[in-house]
Amino acid sequence: MDRLSDLLLVAPISQTLLRGLLFASFTLHMLFVLLTLGTAILAIYYFIDSQCGGRAKELRFDKRILKTFMAHKSLAVVLGVAPLLLIQVGYTVPFFTAVNLFAPYWMSVIVFLIVAFLAFDALGHRIYLHRYIHLALGTVALIFLLAVPGLFSAILTAFENPDKWPQITSDSYRLTGALAIRWLFRYLHVLGAGVVFGAGFHYFFTAKDETERKALQRWLVAGILLQFILGIMLYGVFPSNPGHPVIIYLFTGIAAASFLLWLVFFAAERGLLLNIKIILPVLMLVLVSMLLTRQFLQDRALIPFQKRLEANAVAYGNALRPFEQQALAGYGAVLKVVYDNGKTIYARSCAFCHGENGDGKGVEAKGLAIPPEDISAIRTTRGYLYGILKDGVHGSAMPYFTFFDRDKLDSLMDYMDKRWKVLDPPEAVLANVSKQAMAQAQGAYAKTCAGCHGMDGKGAKSSKNLEPQPPDLTAYSLSPKRTFDIISNGYPGTMMPAFGDIPEEVRWGLVKIVNKKRGFQ
């Protein structure tokens, strides 16, 4: 479980379990692949047989055979997903290398299957299709369908022979010589197995009379005999000394196939029906034995190759381990520069309200009942600004940014301060205010401002329920001009009213009073 795979990743399950799952899922997949192929071959044959035999107007056998095609091919495709995924996880390098060797054909598989499936579906359901159209459509569908196992056989042949990859590449991505012969026998062996399993299936589930069953018996016999011939040829291109497990499973399959052949002959001679309770287990024994033979041959070639890949992965992992922290730190630095710096955070989280220039004129500002503040006019403390950023301003559109950690918010504040000096002390009020106007301003503040802002500027008790609450003037101020503007015109959407009817000099006196709450003159 903790071993690195050939891609420097930890393997999700043990190789033993993976091979077991792969074998089980591949066996189920192959069962329905063989039924699909056998059904297609038999359906086309019986169509031609009915047309040439002058039985075109009879309720044709090929139609009944083809009606099972949809179920077979659907299960074959669905059950094919599991072994495809497992083989990608367990044998990543050899599988994808083999696929890439035949990439143009691999990418055509979907087209082949779509054409074949749609054509066979049309043939199975359109009773009155013209016979020439039927023959043309069936021929095309069969060619496309039979091309798919041919391609898969080629990929598996390359997959199981990693030492031959340079040869395949130098031969213009083709199987040549012994590899081509092995592929051909393997491919024909699959088609022969399709005939055997298709004939067996339709003997029990589609044939309605003795004539049809006898015909399928002949297919069964012919398919088994063909498998014997192809099997001998295929054995001739086996690697030398394939090992005892391969020999045992191979001869188990041969014995089961021989017994199956004897059962068919025995039933035919005595005019008996085949018994599915006997035939089915024998057929499955043949299938499992042959697939186990294939599996052990595959393991014989791939296990040493996989061990070399895993050893390389472990060696690379050990060699790279001292650089892990350095690499992570470098990666983190890149992230910080690209994504987590104050400039980026402002651009992505603040600018659409406060504007690119911080003037409160972002693209969303016009739609807000309470206009965003002009950031360039803010002069506050880091702690107070952090509270606004972290908690937002209740009652306004200013949201909380708790999803940013302190470092990111510090980065944002640093950016805002660098650009607009928001953490600077309040600017001095340069306006001249007479003592009389200043005294009037003091009275106006006590009478009209302290009710919300409090005499000390920290906010009156009566304002605690306001949303948004008045800012704490001892920690938060604005530029004199901005403060004067708010005093004169109010702050839309808030409880801050306009005091434009107060004499201008007195309003500047109020600005001085507000500014002084920060502890600066």
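In this convention, every chain numbers its residues from 1, walking through the sequence in written order. Owing to the predicted nature of the model, reporting of local features is limited to residues with pLDDT of at least 70; listing and counting of side-chain atom pairs is limited to 80 or more, with chain, interface and lining totals taken over all residues. Hydrogens and water molecules were not included; the side-chain quantities draw on all heavy atoms of the structure.

(A) Structural detail: the overall build of the protein. Segments assigned H or I by DSSP are reported as helices when at least four residues long, segments assigned E as strands when at least two residues long, and all are numbered from the N terminus. Summing up its helical and strand segments, the protein has 20 helices and two strands in all. Here the globule rule is a power law, 2.2 Å times the number of residues to the power 0.38, and the radius of gyration is based on C-alpha atoms. Here the C-alpha atoms of the protein give a radius of gyration of 41 Å, more than 25% beyond the 24 Å that 2.2 N^0.38 yields for 521 residues. Its C-alpha atoms give the protein principal-axis dimensions of about 130 × 60 × 40 Å. A burial count over the protein gives 46% of its 521 residues as buried. By sequence separation, contacts in the protein at least 24 residues apart represent 70% of the contacts at least 6 residues apart. Per-residue and other accessible areas follow the Shrake-Rupley method at a 1.4 Å probe size, with only the shown protein chains counted as cover for residues. For the protein, the accessible area works out to roughly 27,700 Å², and carbon and sulfur atoms hold 65% of it. Each residue is placed in one exposure class: buried if its accessible area under a 1.4 Å probe, protein chains only, is under 20% of its type's maximum, exposed if it is over 50%, and partly exposed if it falls in between. The contact definition used throughout considers only heavy atoms, calling two residues in contact when any of these lie within 4.5 Å.

(B) Inspection of the pattern of salt bridges at higher detail. When a carboxyl oxygen of Asp or Glu lies within 4 Å of a side-chain nitrogen of Lys or Arg, that pair is called a salt bridge. Summed over all chains, the structure comprises 15 salt bridges. With a shortest N-O distance of 2.4 Å, Glu212 and Arg64 are connected by a salt bridge. Of this pair, Glu212 sits in helix α10 (residues 210–236) while Arg64 sits in helix α2 (residues 61–66), and the two are 148 residues apart along the sequence. For the pair formed by Glu212 and Arg64, the shared burial category is buried. Here Glu160 makes a salt bridge to Arg186, at a shortest N to O gap of 3.0 Å.

(C) Looking closely at the nonpolar core. To qualify as a nonpolar core, a set must consist of buried Ala, Val, Leu, Ile, Met, Phe, Trp, Tyr and Cys residues joined through side-chain atoms within 4.5 Å. Judged by nonpolar contacts, the single largest core of 86 residues is most densely connected at Phe102, Phe120, Leu145, Phe159, Ile168, Phe197 and Leu216. Ranked by residue count, the leading element in this core is helix α1 (residues 15–52), at 17 residues. Residues in contact with Leu216, not counting those within four places in the same chain, are Leu42, Tyr46, Phe61, Ala199, His202, Tyr203 and Ala207. In this structure, Leu385, Tyr386, Ile388 and Tyr476 belong to the second largest nonpolar core, which totals 24 residues.

(D) Broad picture of the packing of aromatic side chains. Any pair of Phe, Tyr and Trp rings, taking the six-membered ring for Trp, is counted once the centres come within 6.5 Å. Such a pair is stacked with planes under 30 degrees apart, edge-to-face with planes over 60 apart, and tilted for the rest. Applying the stated criterion across every chain, the model contains 25 aromatic pairs. Here the aromatic rings of Tyr45 and Trp219 are separated by 5.0 Å at their centres, their planes lie at 75°, and the arrangement is edge-to-face. Highlighted residues: Tyr45 in helix α1 and Trp219 in helix α10, separated in sequence by 174 residues. Relative accessible area serves as the criterion here: at 37%, Tyr45 is assigned to the partly exposed category. Grouping aromatic residues by their ring pairs yields a cluster made of Tyr45, Tyr46, Phe61 and Trp219.

(E) Spotlight on helix α17 (residues 406–420). Its 15 residues place the ends of α17 20 Å apart at the C-alpha level, agreeing with the 21 Å of an ideal helix rising 1.5 Å per residue. The complete set of buried residues in α17 reads Leu409, Asp410, Ser411, Leu412, Met413, Tyr415, Met416 and Trp420. Buried residues belonging to α17 abut α14 (342–349), β1 (378–380) and α16 (382–391). Of the residues flanking the end of α17, it is Lys421, one or two places downstream, whose phi is positive at about 60°. Expected span of a helix: the number of residues minus one, times 1.5 Å.

(F) Representation of the environment of Pro492 in the model. Tracing the backbone shows Pro492 in the loop between α19 (480–489) and α20 (504–516). On the basis of relative accessibility, which here comes to 47%, the residue Pro492 falls in the partly exposed class. For the pair formed by Pro492 and Phe95, sequence separation is 397 residues and the distance between their alpha carbons is 67 Å. Residue contacts for Pro492: discarding those within four places in its chain leaves Ala369, Ile370 and Pro371.

(G) View of the packing of α1 against α10. Between N-to-C directions, angles span 0 to 180 degrees; the directions come from axes that are lines fitted to C-alpha atoms, helices contributing only their stretch in contact. With their axes 13 Å apart at the nearest point, α1 and α10 run at an angle of 125° to one another. One way to sum up the angle between α1 and α10 is to call them oblique. In this structure, α1 meets α10 at a crossing whose hand is right-handed. Only Ala215, Leu216 and Trp219 of α10 make contact with α1, whose side of the interface consists of Leu42, Tyr45 and Tyr46. If an angle is under 35 degrees, it is roughly parallel; if it is over 145, roughly antiparallel; if it lies from 65 to 115, roughly perpendicular; otherwise it is oblique. Helix crossings are classified by the rotation of the near helix relative to the far one: an anticlockwise turn of less than a right angle makes the crossing left-handed, while a clockwise turn makes it right-handed.

(H) Spatial organisation of the side chain of Thr92. Looking at the element boundaries, Thr92 is found in helix α4 (residues 92–101). Using a relative accessible area of 12% as the deciding quantity, one classes Thr92 as buried. At 2.7 Å, the side chain of Thr92 forms a polar contact with the backbone oxygen of Gln88. Polar side-chain contacts of Thr92 include one of 3.4 Å to the backbone oxygen of Val89. Pairs of N or O atoms are called polar contacts if they sit within 3.5 Å, as long as, within protein, a hydrogen donor faces a hydrogen acceptor (for residues adjacent in sequence, only side-chain-to-side-chain pairs).

(I) Just the packing of α1 against helix α12 (residues 276–320), in detail. Two elements in contact, α1 and α12, have axes separated by 10 Å at closest approach and are oriented at 140°. One finds that α1 runs oblique with respect to α12. Taken as a pair, α1 and α12 cross one another with a handedness that is right-handed. Where α1 abuts α12, its residues Gln15, Arg19, Phe23, Phe26, Thr27, Met30, Leu31 and Leu34 lie against Met284, Leu287, Val288, Leu291, Leu292, Arg294, Gln295, Asp299, Ile303 and Glu310. Ten residue types, Ala, Val, Leu, Ile, Met, Phe, Trp, Tyr, Cys and Pro, are classed as nonpolar, four, Asp, Glu, Lys and Arg, as charged, and the remainder, Gly among them, as polar. Classifying every residue of the contact of α1 with α12 by side-chain character gives eleven nonpolar, three polar and four charged.

(J) Region of the structure containing a nonpolar patch on the surface. A cluster of nonpolar residues, Ile110, Ile114 and Leu118, forms a patch on the protein surface that exposes about 310 Å² of accessible area. Take Ile110: it is sitting in helix α6 (residues 109–125). Note on Ile110: relative accessible area 54%, which makes it exposed. Each patch is assembled from residues with relative accessible area greater than 30% and no salt bridge, linking like charges that lie within 9 Å and nonpolar side chains (Val, Leu, Ile, Met, Phe, Trp, Tyr) that lie within 5 Å.

(K) The arrangement of the environment of Leu510 in detail. Structurally, Leu510 is set in helix α20. Note on Leu510: relative accessible area 3%, which makes it buried. Measuring from C-alpha to C-alpha, the distance between Leu510 and Ala444 comes to 7.9 Å, with 66 residues separating the pair along the chain. Each residue touching Leu510, except ones within four places of it in the same chain, is listed here: Ala441, Ala444, Tyr445, Cys449, Ile487 and Ile502.

(L) View of the side chain of Arg507. Its location among the elements puts Arg507 in helix α20. One buried charged residue, Arg507, forms no salt bridge at all, with the nearest opposite charge on Glu504 at 5.1 Å. With residues near it in sequence (within four places) discarded, Arg507 still touches Phe484, Ile487, Ser488, Phe499, Gly500 and Ile502. In this tally, Lys and Arg are treated as positive and Asp and Glu as negative; His is ignored, and so are the chain termini.

(M) Seen up close, unusual backbone geometry. Cis geometry marks the peptide bond from Glu467 to Pro468; its omega dihedral reads -5°. Structurally, Pro468 can be placed in the loop between α18 (435–453) and β2 (476–478). The backbone of Ser172 shows a phi angle near 60°, a positive value even though the residue is not glycine. Residue placement: Ser172 occurs in the loop between α8 (165–170) and α9 (177–205). Its identity as a non-glycine residue notwithstanding, Lys421 has a phi of 60°, on the positive side. With respect to the helices, strands and loops of the structure, Lys421 is situated in the loop between α17 and α18. The partly exposed category is assigned to Lys421, whose relative accessible area is 47%.

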